[in-house]
Amino acid sequence: MSTRIPGFYNLLPEERLSQIAKATNLTDKELEIIKGNKGFSVKEADRMIENVIGYMPIPLGIAVNFKINNKDAFIPMATEEPSVVAAASNAAKYAYDSGGFTTSYSGAIMRGQIQITEVKDPYGALAKVYENKREILQLCNKQDPTLVSLGGGAKNLEVHVIDGPTKKMVVVHLFVDTKDAMGANAVNTMAEAVAPLLEKITNGKVVLRILSNLADQRIVRARATFQDPFNDNKEAMNKFMDAYELAMIDPYRAATHNKGIMNGISSVVLASGNDTRAVEAGAHAYASRLGTYRSLTHWEKGENHSIIGTIELPLAVGLIGGATTSHPVAKLATKIMQVETAEELASNIASVGLAQNFAALRVLASEGIQQGHMRLHARNLALMAGAKDNQIDKVIELAAKQGKFKFDDIKKIVKALSY
Ligand code: MEV
């Protein structure tokens, strides 16, 4: 299977779906679900959250050209933002022939925090928690025999004495291998179950018992070489590097730089039914871990006018539990990606983040994003300007001919067509 499909962008949605269906063996029933005909019903929505009155459709696109760990992968992306899917696909093309994306994974260890207050002797309590480590971990693991039977479960703990604004407190961190689940439920259940035992050991009062979204033991790294993206134009290459450098030292730029990365990451996280807020919180907290908020990616000049990119971030995503299992479209998104483990899913997501950042810096360092963005946004603008469905293609054709994509220009074109 190859994800290099020239002209994929120019096909109709049903033609694109048919190509993806052929490549990833989707059944007719699954095609209907993706098209939204038999997909997500209000009944399903009502099972998922509270006070349901309907649901909010978001476009699902496919990024092409991705090769990740020597395997071609179509990437489903759920996003409302124009340009994101096109940018990821375009960036992946530059990395395809030089081997695509290569990733590594630290494993699926999540942290749970148990905060203990009113401890008279915090350092004595710290020592006692370590003395009782085996019993504490055993009690945690009793809560989830299935996870333990799969090789996961509570593996270790750490104790911190924290100086709060008015008092010292003891915080126990549980390290839980959640395997192919995101793991929030497993960790929170363990943290709550073990709290009374920790109160007994420390003679304190437990307040919080909850997972930490700073999943710094669940790190994914992705690397790719982007081949000659500027046609040997040294000035453009240097501008790309300058743009990256600013994101390493200036939090104002880093926030936007990382937002662009999250455009890709959150789209795949959402498409796969995972928790976008958990991933975003983890990514941004990790970006500040050295004291200043900075870029999640690094860029270096390679050989033959290439640029080598790397990304490193926590990705608490899974394939078991919650919407990943219950949302019919999310299940198909992971089928399309052909991922079977949380590691494979996280590898794909990190690769998309890297590609997205490459695409943003490349265009920002050259013509700027507005031209391409407005062109892709022209459909929305045409609709906003009152174009009928059968006029939209004509509006875009005329706008392209005139090289004018501002709302006022589009309005004029629509008005002229309507006379
Ligand atoms: C827009 O959604 C994302 C960008 O601002 C990212 C960036 O500036 O790197 C283009």
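First things first, this report covers the structure right here in the doc. (Residues numbered from 1 in each chain as written. Predicted model: local features only at pLDDT ≥ 70, side-chain atom pairs only at ≥ 80, totals over all residues. Heavy atoms only, no water.)

Observations regarding the nonpolar core
Nonpolar side chains in soluble globular proteins tend to end up buried together. If you look at the biggest cluster of nonpolar residues, it comprises 60 residues, and the most contacted ones within it are Phe-66, Ile-75, Phe-101, Ile-265 and Trp-299. Here this core gets eleven residues from one element, more than from any other, and that element is helix α14 (residues 342–364). Other than its neighbours up to four places away in sequence, Ile-75 contacts Gly-61, Ile-62, Ala-63, Phe-66, Ile-68, Val-268, Met-337, Asn-348 and Val-352. Listed in part, the 34 residues of the second largest apolar core include Ile-114, Ile-136, Ala-154 and Val-194. (Core = buried A, V, L, I, M, F, W, Y, C linked by side-chain atoms within 4.5 Å. Buried < 20%, exposed > 50% of the residue type's maximum accessible area, 1.4 Å probe, protein only. Helix = DSSP H or I, 4+ residues; strand = E, 2+ residues; numbered from the N terminus. Contact = heavy atoms within 4.5 Å.)

Things to note about the site of the ligand
Lining the immediate environment of the ligand, one finds Glu-81, Arg-253, Thr-256, His-257, Lys-259, Gly-260, Asn-263, Ala-360 and Leu-364. At a separation of 2.8 Å, an oxygen atom of the ligand approaches a polar side-chain atom of Arg-253. Within the side chain of Lys-259, a nitrogen or oxygen atom sits 2.7 Å from an oxygen atom of the ligand. With the chains in place, 83% of the 300 Å² that the ligand exposes on its own is no longer accessible. When residues in the shell around the ligand are grouped by element, the largest group, six residues, is from helix α10 (residues 251–271). Along the lines of polarity and charge, the residues of the shell around the ligand split into two nonpolar, four polar and three charged. (Near = heavy atom within 4 Å. Polar contact = N/O pair within 3.5 Å; in protein donor to acceptor, adjacent residues only side chain to side chain. Areas by Shrake-Rupley, 256 points an atom, 1.4 Å probe, with all protein chains shown as cover. Nonpolar A, V, L, I, M, F, W, Y, C, P; charged D, E, K, R; others polar.)

Points about the pattern of salt bridges
Here the idea is simple: oppositely charged side chains can pair when their charged atoms come close. Under the criterion given, the structure shown has 15 salt bridges. Between Lys-179 and Asp-177 there is a salt bridge; the shortest N-O distance is 3.6 Å. Note on Lys-179: relative accessible area 31%, which makes it partly exposed. For Asp-177, a relative accessible area of 12% translates into the label buried. A salt bridge links Arg-277 to Asp-275; the shortest N-O distance between them is 3.3 Å. Linked by salt bridges that have partners in common, Arg-111, Glu-158 and Asp-216 make up one network. (Salt bridge = Lys/Arg side-chain N within 4 Å of Asp/Glu carboxyl O.)

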